[in-house]
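Chain by chain, the residues run as shown.
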Amino acid sequence: MHKNGLQVAIDGPASAGKSTVAKLVAKQFNYIYVDTGAMYRAITYKVLKNGISLDNDEEIATIADGSHISFEPGETDQKVFIDGEEITTAIREENVTNSVSAVAAIQAVRTKLSTEQKEIAKDGGVVMDGRDIGTTVLPNAEVKIFLIASVEERAQRRYKENIQKGINTPLDELRLEIEARDYKDSHRKISPLTKAEDAVEIDTTSLSINEVVEEIAKNINKVLA
Ligand code: DC
């Protein structure tokens, strides 16, 4: 146990419900929630804004090194900033979503962000979600969860979320995007998406949000007991 509580790592593929449940788990245990995907998205946003080509690893590394990402509590969701500029909604746009895997595959970007993530989590009391938290960022996390769900279910969830936001991407397109991102995230050379050996796998396809949260809480309480 760390000074402020446990380290809880939640990994899994795109749209498996990680951030939704991670936020609720953090609230229940009064832990801080860290969305590491938002950090990769923030760098991607700045890369696109500066017109840097996605295959220019060196310039992207320079951008990552010179950037300061921060989070602030918001009314519903956490606010995300890069160098003081609020980018909470901008990092959810399709252009960022479709470019982030390329940026997340660059070693220098991963080194910079994972060092920051380790620092944020060092005293515990943290729920961190991402792709490599249980394997690389927090290999000694006391609780490791790997969330999965079928491609069809994840596409349906994205579709419903999008409709609420007024975005009208056809379901077929979302399915293809999810498959493409799964492939890129699990086949990159550095820290690919893989389940840590000691992670508990939860298939959320036919579970409600509350059922997933309860299952994770059970795992946390087991360690706390
Ligand atoms: O969780 P998300 O969809 O917001 O993540 C965006 C992208 O960032 C995802 O396609 C893969 C990458 N990512 C990563 O490589 N490592 C992490 N710890 C978190 C996200």
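All of these numbers come straight from a predicted model, not from anything done at the bench.

*Asks:* Whenever I open this one, the sheet that holds strand E4 (residues 79-82) confuses me. Can you help?
*Replies:* Paired through backbone hydrogen bonds, the strands of a sheet run either parallel or antiparallel to each other. Read across the open sheet, the 3 strands follow the order E3-E4-E5; overall the sheet is antiparallel. Sheet topology places strand E3 (69-72) and strand E5 (85-86) at the edges, where each strand pairs with a single neighbour. Bridge analysis of E3 against E4 gives 4 bridges, and the strand direction is antiparallel. The residue of E4 that forms the bridge with Glu-72 is Lys-79.

*Asks:* What should I look at first to understand the pattern of salt bridges in this one?
*Replies:* When charged atoms on two side chains of opposite charge get close, those side chains can pair. Within the structure shown, the criterion is met by 18 salt bridges. In this structure, the salt-bridge partner of Lys-144 is Asp-198, at a minimum N-O distance of 3.1 Å. Of this pair, Lys-144 sits in strand E7 (residues 143-148) while Asp-198 sits in the loop between helix H8 (171-187) and strand E8 (200-203), and the two are 54 residues apart along the sequence. Exposure remark for Lys-144: the relative accessible area of 7% places this residue in the buried category. Salt bridges linked by common partners bring Glu-94, Arg-158 and Glu-177 together as one network.

*Asks:* Honestly, the packing of aromatic side chains in this entry has me stumped. Any pointers?
*Replies:* In this description, a pair of aromatic rings is defined by centroid distance and the angle of the planes. Considering all chains together, one arrives at 1 aromatic pair under this definition. With centroids separated by 6.0 Å and ring planes inclined at 45°, the aromatic side chains of Phe-29 and Tyr-31 adopt a geometry described as tilted. Here Phe-29 matches Tyr-31 in class, with each residue buried.

*Asks:* Explanation requested: the environment of Gln-7 in the structure shown.
*Replies:* Topologically, Gln-7 is positioned in strand E1 (residues 7-11). When the C-alpha atoms of Gln-7 and Val-127 are compared, they prove to be 6.3 Å apart, with 120 residues separating the residues in sequence.

*Asks:* Would you mind showing me how to read the layout of surface pockets here?
*Replies:* Rolled over the atoms, a probe as big as a water molecule pinpoints where empty space is left. Computed from the structure, the largest pocket encloses a volume of approximately 1400 Å³. In this structure, the largest pocket is lined by 48 residues; those nearest its centre are Ser-19, Asp-35, Arg-41, Arg-92 and Glu-161. Among the elements of the structure, helix H1 (18-29), strand E2 (32-35), helix H2 (36-49), helix H4 (94-104), strand E6 (126-130), helix H7 (151-165), H8 and helix H9 (209-224) are those that each provide at least two residues to the lining of the largest pocket. Its residues placed into classes, the lining of the largest pocket shows 14 nonpolar, 15 polar and 19 charged. Of the pockets and cavities examined, the second largest pocket occupies roughly 420 Å³. Around the second largest pocket, the lining comprises 16 residues; the ones closest to its centre are Lys-23, Ala-26, Tyr-31, Tyr-33 and Gln-78. Listing elements by their share of the lining of the second largest pocket, those giving two or more residues are H1 and E2. When residues in the lining of the second largest pocket are grouped by element, the largest group, 4 residues, is from H1. Tallied by class, residues from the lining of the second largest pocket come to 9 nonpolar, 3 polar and 4 charged.

*Asks:* Is there a simple way to think about the packing of H2 against helix H5 (residues 107-121) in this case?
*Replies:* Two quantities define a packed helix pair, namely the angle between the helix axes and the distance between the axes. Contact geometry for H2 and H5: axes closest at 11 Å, N-to-C directions at 140°. Regarding the angle of H2 to H5, the classification is oblique. In this structure, H2 crosses over H5, and the sense of that crossing is right-handed. Touching Thr-36, Met-39, Tyr-40 and Ile-43 of H2 are Val-109, Arg-110, Leu-113, Glu-116 and Gln-117, all from H5.

Reading guide: rules and limits
- Residues numbered from 1 in each chain as written.
- Predicted model: local features only at pLDDT ≥ 70, side-chain atom pairs only at ≥ 80, totals over all residues.
- Heavy atoms only, no water.
- Pairing = 2+ DSSP bridges.
- Helix = DSSP H or I, 4+ residues; strand = E, 2+ residues; numbered from the N terminus.
- Salt bridge = Lys/Arg side-chain N within 4 Å of Asp/Glu carboxyl O.
- Buried < 20%, exposed > 50% of the residue type's maximum accessible area, 1.4 Å probe, protein only.
- Phe/Tyr/Trp six-rings, centres within 6.5 Å; stacked < 30°, edge-to-face > 60°.
- 1 Å grid on protein atoms, 1.4 Å probe; cavity = no way out; pocket = protein on both sides within 12 Å on 5 of 7 lines; lining within 4 Å.
- Points joined across faces, edges and corners; volume = space filled by probe spheres on them.
- Nonpolar A, V, L, I, M, F, W, Y, C, P; charged D, E, K, R; others polar.
- Axes fitted to C-alpha atoms, helices over the stretch in contact; angles between N-to-C directions.
- Parallel < 35°, antiparallel > 145°, perpendicular 65-115°, else oblique.
- Left-handed = near helix turned anticlockwise from the far one by under 90°.
- Contact = heavy atoms within 4.5 Å.

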